[in-house]
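Coordinate inspection notes
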Protein chains: 2
Amino acid sequence: MSQEATWDMLVLGGTVLTMEPGSEPIANGAVAVADGHVAAVGPAEELLELAPTGEVLNAGNCLVLPGLVNTHAHLAMTLLRGLADDLPLMEWLENHIWPAEREHMTRETVRLGTELAVAEQLLAGVTTTADMYFFGDEVSAVLAEAGMRGVVAESLIDFPTPRCATPEEMLEKQRELLEAYRDHPLITPSVAAHAPYSVCAANLVKEAELAEDFEVPMQIHLSETSWEVENLLQEKGLSPVAYLADLGVLSERTVAAHCVHVSTEDIGLLADFEAGVSHNPVSNLKLASGVSPVPQMVARGVKLGLGTDGAASNNTLDLLRDMQLSALLHKVINQDATTLPARTMLEMVTVSGARVLGLEKKIGTLAEGREADLICISVNEPHSVPMYDPSSHLVFAARSADVRHVMVRGRVLVRDRELLTLDQERIEAQAREFSETIRSD
Amino acid sequence: MSQEATWDMLVLGGTVLTMEPGSEPIANGAVAVADGHVAAVGPAEELLELAPTGEVLNAGNCLVLPGLVNTHAHLAMTLLRGLADDLPLMEWLENHIWPAEREHMTRETVRLGTELAVAEQLLAGVTTTADMYFFGDEVSAVLAEAGMRGVVAESLIDFPTPRCATPEEMLEKQRELLEAYRDHPLITPSVAAHAPYSVCAANLVKEAELAEDFEVPMQIHLSETSWEVENLLQEKGLSPVAYLADLGVLSERTVAAHCVHVSTEDIGLLADFEAGVSHNPVSNLKLASGVSPVPQMVARGVKLGLGTDGAASNNTLDLLRDMQLSALLHKVINQDATTLPARTMLEMVTVSGARVLGLEKKIGTLAEGREADLICISVNEPHSVPMYDPSSHLVFAARSADVRHVMVRGRVLVRDRELLTLDQERIEAQAREFSETIRSD
């Protein structure tokens, strides 16, 4: 902090949770933003004494915290939200989702579905999202235009996608994406292999090499169902996690989605290789895949984030709701009400999620020098009163509809619950039209 | 329907889900209300042709359905929301909640906490709530003033409460409540015995007789924890459910909260005695009590409703969120994604919940002649688009913040998300003051 503070914006009032290790909430706090970064954090009184320049964003009666990080999603699948519910994974995937994707997912509909997902997530306080889908260049363009942060992959799978006919073509498109978005301030390009059961060993290795060459995350679905684990054990004699380790594919670049059916040995491998895991509780419950041993992974030091998965298996991208559900779920599964306390859950959607996506130097806490991704959550409704503890409030009582302001890299994207960078009405109208097309199939 | 329709209000537009058995959603529907009752339901075009009198409530871009029914709550405990989290039930209850209640719960604070609970529930689309606490006359007065429907009990327990020194005094206060609220249009007075482990057999029997005399529901916590079940098995050689049956206490008047640890025999007894069960998933998860075998109870024909429990173990009264969590939870526990499909869950918070509270002739569906308790849920936000199926949308995607209008017995209590019958600002300010008092202990 300097005496000649030149700030672009001062987020003023409210209680600030920086999410720095060991930090306490700052009542009547403030966050100063300059050049897209956090310039200062502290009591409002102290920051105001520096007689700052810049606009004020009113965070009175709010909790101010780092923007939420969604570590696993398929954004464009918002268009398939609620298309097929109450069905088991394989029937859902093979008889409903994949046919709908083959028939209806084009560059244009991927743009539309991604716009809808960005609108939904920003309004729900999610400032960074992973994406694992097709037309990664289109997805990246939508995110960049809307000002949202993303870790975006073009997907690799051993059968034709809506975009590419062969894995070779997919790898080529992946390389193009990695080159196009090198050093972008908001978009981290990424690679993604669908799963160990749908991508052959040779392609998994190619994928890991590409991630290594470009120093980017590699997203993959891993140990989602017991079927997947049993199958691989039978075919290769290895669990999916051990199989990736054996291939040399598992690394600190890995973003492994699900990890529902992982053994103690698997958890050890994930921790030792410093692989990131995205826990996607709602999807795992909805498809009856199982419950991931999250407390055991936390205890072993695995990097853990929280993901919504695609809207077709959730059916929202409401990370705050999913955090609440996860906090409650693991208490009963572990028969211990002290399991995963509120602070641990909050870390999972902020600082720990950032680590999973390799973004821990940029985002995840509100420390000076970090990029200014933050949200203001209103605590002015009956369900927010009284509030004995802010962390507990966020985990057990807050709603995504309480999100009042959203900032990414210093730019206000949502102000007073209004989305500023996307035409919400046009997007919703087009999404409704799209659903009429599917319905008339 | 007559050609000279004289209606007080026409709820117009939107898709109407009457929740009548086998009914289909009515697109561009309408609900006519006269004298506090549903006078007609059908396509808007048909109802408008009757050239009705009366005000129009705009439900365009909404789902219109019966108001939600909360079958188990301790309303005034909103004041203890988040006071003690991430703790096991007995520690939570004995070291935190009971001491706070003894110290701070008076007639005045019960009024305040109940007002806060009514405000929260109405804004979340809950139109009928059970309550099991102290100062039932004060609770009833608050509900009646706010226009909300309630099944209200004065509680009986074998040790002193904030109101009464002895069980005899409690029974006397119960009788007074039953007499005062006979035939009230909104309040069903009720009795409540805390639990089989905290109320002796003689008092349980007295309580059931009182319920029988006045033909009212008898609320009770039942088989909430494994500790409770093991204890009773050891002491009496009977499960809590069998014990109540043995005492002659179990009947169609029973509203049994929790029923987490119930055997196949217990489930059979609950079904055969036509007892109602309130499933309270969030509370059971948060306190790590266990997961109630809901699908098994549904299969056996047990009357089932959904409850929030008190805000101290939830931490909200957001029944819609709790329904979503329940729908997801039982799929994974039963390892079957088809478990408790959306329609079943919706019935649980409407028509089936009404049956549990003995109100099935008055509320629970939007059939002609029922009392006009209804809610309009907006589907105009990104997370609501597209919407392939209204039931699925409500169970997997809708949020309580989407509730736009709320009507109870023909009276609009919430319009365009604004609470009309309570002073929200004053209540929140007083609740904050109350929390400062506890904090300074």
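Residues numbered from 1 in each chain as written. Chains lettered and ligands numbered in written order. Predicted model: local features only at pLDDT ≥ 70, side-chain atom pairs only at ≥ 80, totals over all residues. Heavy atoms only, no water.

Note that side chains of opposite charge can pair when their charged atoms are close. Tallied over the entire structure, the rule returns 48 salt bridges over all chains. One salt bridge connects R107 of chain A with D137 of chain A, and the closest N-O pair in it is separated by 3.0 Å. Separated by 30 residues along the polypeptide, R107 of chain A in helix 3 (residues 107–123) and D137 of chain A in helix 4 (residues 136–146) bring together distant segments of the chain. Taking the relative accessible area as the measure of exposure, D137 of chain A reaches 29% and is therefore partly exposed. Ionic pairing is found between R111 of chain B and E138 of chain B, a salt bridge with its closest N-O pair at 2.6 Å. (Salt bridge = Lys/Arg side-chain N within 4 Å of Asp/Glu carboxyl O. Helix = DSSP H or I, 4+ residues; strand = E, 2+ residues; numbered from the N terminus. Buried < 20%, exposed > 50% of the residue type's maximum accessible area, 1.4 Å probe, protein only.)

So, about the interface of chain A and chain B. When the parts of a complex come together, some accessible area is lost, and that lost area is often used as the size of the interface. Of the residues lining the interface, 66 residues belong to chain A; the matching set on chain B comes to 66 residues. The contact between chain A and chain B buries some 5,000 Å² in all, and 60% of this surface belongs to carbon and sulfur atoms. Taken as a group, D86, P382 and Y388 of chain A account for 16% of the area that chain A buries against chain B, more than any other trio of residues on that side. Between chain A and chain B we count four salt bridges in total. Taken together, the connections running from chain A to chain B amount to 31 residue pairs in polar contact (both at pLDDT 80 or more). Residue assignment for the side of chain A that touches chain B shows that the elements contributing at least two residues are helix 3, helix 10 (281–286), helix 12 (319–333), helix 15 (390–396) and helix 16 (424–439) of chain A. Split by residue class, the side of chain A that touches chain B holds 35 nonpolar, 17 polar and 14 charged. (Contact = heavy atoms within 4.5 Å. Buried area = accessible area lost by both parts, 1.4 Å probe. Polar contact = N/O pair within 3.5 Å; in protein donor to acceptor, adjacent residues only side chain to side chain. Nonpolar A, V, L, I, M, F, W, Y, C, P; charged D, E, K, R; others polar.)

Residue and element names in this part refer to chain B. Within helix 4 (residues 136–146), eight of the 11 residues are buried, which leaves the element mostly enclosed by the surrounding structure. When we look at burial in helix 4, the residues that qualify are G136, E138, V139, S140, A141, V142, L143 and A146. Residues of helix 4 that are buried in the fold lie against helix 3 (107–123), strand 8 (126–133), strand 9 (149–156), helix 5 (167–180), strand 10 (187–193) and strand 17 (411–415). Directly beyond the C-terminal end of helix 4, a positive phi value near 85 degrees is found at G147.

What follows covers the state of the cysteines. Residues and elements named next belong to chain A. The full count for this structure, using the stated rule, is zero disulfides over all chains. The structure places no disulfide on C200, whose sulfur is separated from the nearest cysteine sulfur, that of C164, by 16 Å. In this structure C200 comes out as partly exposed when scored by relative accessible area, which is 32%. (Disulfide = S-S within 2.5 Å.)

A complete count under the given rule lists six aromatic pairs over all chains for this structure. Judged by centre distance (4.6 Å) and plane angle (40 degrees), the ring pair of Y133 of chain A and F134 of chain A falls under tilted. As far as burial versus exposure is concerned, Y133 of chain A and F134 of chain A are alike and both buried. Relative to F159 of chain B, the ring of W98 of chain B lies with its centre 5.4 Å away and its plane at 70 degrees, an arrangement referred to as edge-to-face. Taken together, the residues W98 of chain B in helix 2 (residues 89–104) and F159 of chain B in the loop between strand 9 and helix 5 connect sequence positions 61 residues apart. Among the residues examined, F159 of chain B registers a relative accessible area of 32% and is labelled partly exposed. We note K286 of chain A situated over the ring of F396 of chain B; from NZ or CZ to the ring centre the distance is 4.9 Å. (Phe/Tyr/Trp six-rings, centres within 6.5 Å; stacked < 30°, edge-to-face > 60°. Lys NZ or Arg CZ within 6 Å of the ring centre and 35° of its normal.)

Turning our attention to helix 3 of chain B. Residue and element names in this part refer to chain B. A rise of 1.5 Å per residue sets the reference length of helix 3, with its 17 residues, at 24 Å; its end C-alpha atoms lie 24 Å apart and thus fit the reference within 8%. Of all 17 residues in helix 3, 14 are buried; the element is thus mostly enclosed. Once helix 3 ends, the next one or two residues include G125, with phi positive near 85 degrees. (Expected span 1.5 Å × (residues − 1).)

All names here are of chain A. Here V152 shows up in strand 9 (residues 149–156). Distance from V152 to T129, taken between C-alpha atoms, is 8.2 Å for residues 23 residues apart in sequence. Those residues within four positions of V152 in sequence are excluded, and the remaining contacts are D131, G136, V139, S140, L143, L177, I187, T188, P189 and S190.

Next up on the list: the nonpolar core. L270 of chain A together with L270 of chain B are the most contacted members of the largest nonpolar core, which has 242 residues in total. Setting aside anything within four residues of it in sequence, one finds L270 of chain A in contact with V241, L250, C259, V262, A275, V277, M297 and V302 of chain A. A59, A372, M407 and V412 of chain A belong to the second largest nonpolar core, which has 18 residues in total. (Core = buried A, V, L, I, M, F, W, Y, C linked by side-chain atoms within 4.5 Å.)

Quick look at the domain arrangement of chain A now. Residues and elements named next belong to chain A. When the domains of chain A are assigned, the result is domain 1 (9–66 + 371–419) and domain 2 (68–356). The distance between the C-alpha centroids of domain 1 and domain 2 comes to 29 Å. At the junction of the two partners, domain 1 supplies 29 residues and domain 2 supplies 29 residues. Summed over both sides, the interface of domain 1 with domain 2 buries roughly 2,300 Å², with 66% coming from carbon and sulfur. Contact with domain 2 buries area across many residues of domain 1, yet M19, V395 and S400 alone supply 27% of it, more than any other trio. Linking domain 1 to domain 2 there are two salt bridges. Residue R149 pairs with E371 through a salt bridge whose shortest N-O separation is 2.8 Å. Seen at the junction of domain 1 and domain 2, the total is five residue pairs in polar contact (both at pLDDT 80 or more). Looking at the side of domain 1 that touches domain 2 element by element, the count peaks at five residues for helix 15. (Domains from an automatic or database assignment.)

All names here are of chain A. Following both chains from N to C, one finds helix 6 (residues 201–214) and helix 8 (residues 240–247) inclined at 65 degrees, their axes separated by 10 Å at the closest point. Judged on the interaxial angle alone, helix 8 and helix 6 are roughly perpendicular. For the pair helix 6 and helix 8, the crossing hand works out as right-handed. Within the contact between the two elements, helix 6 uses A201, L204 and V205 and helix 8 uses Y243, L244 and L247. Per-class residue counts for the contact of helix 6 with helix 8 are six nonpolar, no polar and no charged. (Axes fitted to C-alpha atoms, helices over the stretch in contact; angles between N-to-C directions. Parallel < 35°, antiparallel > 145°, perpendicular 65-115°, else oblique. Left-handed = near helix turned anticlockwise from the far one by under 90°.)

Residue and element names in this part refer to chain A. Within strand 15 (residues 374–378), five of the five residues are buried, which leaves the element mostly enclosed by the surrounding structure. With burial as the criterion, each face of strand 15 is covered, one bearing L374, C376 and S378 and the other bearing I375 and I377. In terms of strand pairing, strand 6 (residues 62–66) meets strand 15 through five bridges, oriented antiparallel. Pairing of L65 across the sheet is with I375, part of strand 15. Examined bridge by bridge, strand 15 and strand 16 (residues 403–408) share four bridges and lie antiparallel to one another. By the bridge assignment for strand 16, I375 is matched with V406. (Pairing = 2+ DSSP bridges.)

Here the focus is the sheet that holds strand 4 (residues 37–43) of chain A. Residues and elements named next belong to chain A. The strand order 4-3-1-5 describes an open sheet built from four strands, whose pairing is mixed. The open sheet has two edge strands with one neighbour each: strand 4 and strand 5 (55–58). The sheet shows a mean angle of 20 degrees between the axes of neighbouring strands, direction not considered. Sheet analysis places strand 3 (residues 29–34) next to strand 4, joined by six bridges and oriented antiparallel. Looking at strand 4, one finds that V33 is bridged to V38.

So, on to the relation of the copies chain A and chain B. Superposition record for chain A on chain B: RMSD 0.0 Å, screw rotation 180 degrees, translation along axis 0.0 Å. In short, the pair behaves as if placed about a two-fold rotation axis. Most of the interface of chain A is mirrored in chain B: 100% of its interface residues are interface residues there too. (Least-squares fit on C-alpha atoms with pLDDT ≥ 70 in both.)

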